[in-house]
Amino acid sequence: MSYNRNRRSDPLNNYFTNLIAFNLTAHKLLEAKDEDSFEIWFDKLRLIDPRSLFVFVKKNQDKLPKEHLEAAKWHFEKWGMIW
Amino acid sequence: MGDDMVTKEQLLNSPMGKALLELSTQVEDKLKEPITFNVIGGFALMLWNIRDINDTTDIDYIGDPLSLKFKELSDAIGMKHNFVPGWINNDVMLSGISIEDFEYSTGPLHFEEVFSIGKIKINVLSKEDLLRMKLIAIDTNLTAIAQGGDFTRKKDFKDILLLLEDLHLPTTDIRDVYGDYLLNPNTISVIKAYQRGGNSAVRDKIDDILHGRTRTLKPVIEDTKPSYSQSIFASASRYKSNTPVQDTSLDVDLE
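Residues numbered from 1 in each chain as written. Chains lettered and ligands numbered in written order. Predicted model: local features only at pLDDT ≥ 70, side-chain atom pairs only at ≥ 80, totals over all residues. Heavy atoms only, no water.

Participant: Explain the sheet that holds strand β1 (residues 35-40) of chain B to me, and be specific about the residues and the numbers.
Facilitator: All names here are of chain B. Ordered by their spatial adjacency, five strands build an open sheet running β3-β2-β1-β5-β4, and the pairing between neighbours is mixed. Looking at which strands have only one partner, the edges of the open sheet turn out to be β3 (88-89) and β4 (111-117). Pairing geometry for β4 and strand β5 (residues 120-125), over six bridges, is antiparallel. Looking at β5, one finds that glutamate 113 is bridged to asparagine 123. Along the sheet, helix α6 (residues 127-145) contacts β1 and β5; its crossing angle with β5, the most-contacted strand, is approximately 65°. (Pairing = 2+ DSSP bridges. Helix = DSSP H or I, 4+ residues; strand = E, 2+ residues; numbered from the N terminus. Contact = heavy atoms within 4.5 Å. Axes fitted to C-alpha atoms, helices over the stretch in contact; angles between N-to-C directions.)

In structure tokens:
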């Protein structure tokens, strides 16, 4: 359900810890078999690091089914992130 | 253990089951008493065969925090199996609230014993309670987006429909059964939108709500309608007193 983002004192350490967590999970987004599964992993990655998620989706947009990409863009728009 | 649950063997063959097995082996000597996880969320849905075993992201449980030593061990084993730090967590119990406080907002929670993996005992939340928690999550998120923000609960709709089907409960009965826990007037209509047209219909519906294209009719007897904040407290006190109150709100799509 949730991911307790690392917020310990060292920002650089936090960044790398979250990056490792993100990279452990990100492939699941590309493997999502349908939009419901995509939403589960998209939300998990959002909790880890929304900025990395935006960059990851943009980088892998050609590998995502059209409807998954549309779903992601819908969320990014709500976050104020310009595609 | 219920017939419709995954078997212990099925779980142990999944990535999360393998991680749990390794964790149980590692803690076997260190734990004097068995550790019990009262699981909720995606892991509980997976145990009930509602959610795909490959779409389980972590183990959320209700209960006391893990010891630092256990947490360090579980994080290390989790990383080895490609799970993020905190893959076993009680984050849902924000700021150290008690189980009683938690149940104050969710209603009473009932757990069933599933099985043990070594000294790790797993109890799962009942399907009825899982459904109620999912409905509350959507209801809460819909209320939050009115103040700005994203709707992040799209992942719940498939689970809700599968739970409704499993419990033989039509969407038309949701308000009768769970109305005391639903404060947002759009909750059921958003679920119906998903039922009609999937995730794209939900996106359209949410955009309609955000742009004021969907409205809720006020009750016929205006004077008896409490304010929104009054509704929250009324709902909470209904739970405390266990007194059912007739829900007078009307949920109407202007499409």
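Participant: Pulling in residues and values, what's your account of helix α5 (residues 99-106) of chain B?
Facilitator: Turn by turn, an α-helix covers 3.6 residues, leaving residues three or four places apart pointing in a common direction. All names here are of chain B. If you check which residues of α5 are buried, you get Phe102, Glu103 and Thr106. Projected down its long axis, α5 shows its buried positions confined to an angular sector of 95°, all on one face. Looking one or two residues past α5, glycine 107 carries a phi angle of roughly 90°, positive in sign. (Buried < 20%, exposed > 50% of the residue type's maximum accessible area, 1.4 Å probe, protein only. Arc of directions from axis to C-beta.)

Participant: Can you explain the interface of chain B and chain A? Please cite residues and give values.
Facilitator: The interface of chain B with chain A comprises 31 residues on the first partner and 27 residues on the second. Across the interface of chain B and chain A, roughly 2,700 Å² is buried in total on both sides, 53% from carbon and sulfur atoms. Put simply, chain B and chain A have nine salt bridges between them. Residues Asp43(A) and Lys155(B) are paired through a salt bridge, measuring 2.7 Å at the closest nitrogen-oxygen approach. Scanning the region where chain B abuts chain A turns up 14 residue pairs in polar contact (both at pLDDT 80 or more). If you tally residues by element for the side of chain B that touches chain A, the top one is helix α9 (residues 187-210) of chain B, at six residues. Of the residues in the side of chain B that touches chain A, the class split is 10 nonpolar, nine polar and 12 charged. (Buried area = accessible area lost by both parts, 1.4 Å probe. Salt bridge = Lys/Arg side-chain N within 4 Å of Asp/Glu carboxyl O. Polar contact = N/O pair within 3.5 Å; in protein donor to acceptor, adjacent residues only side chain to side chain. Nonpolar A, V, L, I, M, F, W, Y, C, P; charged D, E, K, R; others polar.)

Participant: Explain the pairing of β5(B) to me, and be specific about the residues and the numbers.
Facilitator: Residue and element names in this part refer to chain B. Buried residues dominate β5, accounting for five of its six residues. Relative to β5, β1 is paired through five bridges, and the arrangement is parallel. Bridging across to β5, asparagine 38 finds its partner in asparagine 123. Turn length for the β4-β5 hairpin, with the two strands adjacent in sequence and antiparallel, is two residues, and the turn residue glycine 118 shows positive phi of about 60°.

Participant: Now, about the nonpolar core: what can you tell me, with residues and values included?
Facilitator: By size, the foremost hydrophobic cluster in this structure holds 65 residues, and its most contacted members are Val39(B), Phe43(B), Leu47(B) and Ile122(B). Ignoring sequence-local partners within four residues, the contact set of Ile122(B) consists of Leu20(B), Phe37(B), Val39(B), Phe43(B), Leu47(B), Glu112(B), Glu113(B), Val114(B), Phe115(B) and Ile117(B). Residues Ala26(A), Leu29(A), Leu69(A) and Ala72(A) belong to the second largest nonpolar core, which totals 21 residues. (Core = buried A, V, L, I, M, F, W, Y, C linked by side-chain atoms within 4.5 Å.)

Participant: So, unusual backbone geometry: which residues are in play, and what are the values?
Facilitator: Most peptide bonds adopt trans geometry, and most residues besides glycine take a negative phi value. Positioned with a positive phi, Asn49(B) is a non-glycine residue whose angle comes to about 65°. Judged by relative accessible area, which is 47%, Asn49(B) ranks as partly exposed.

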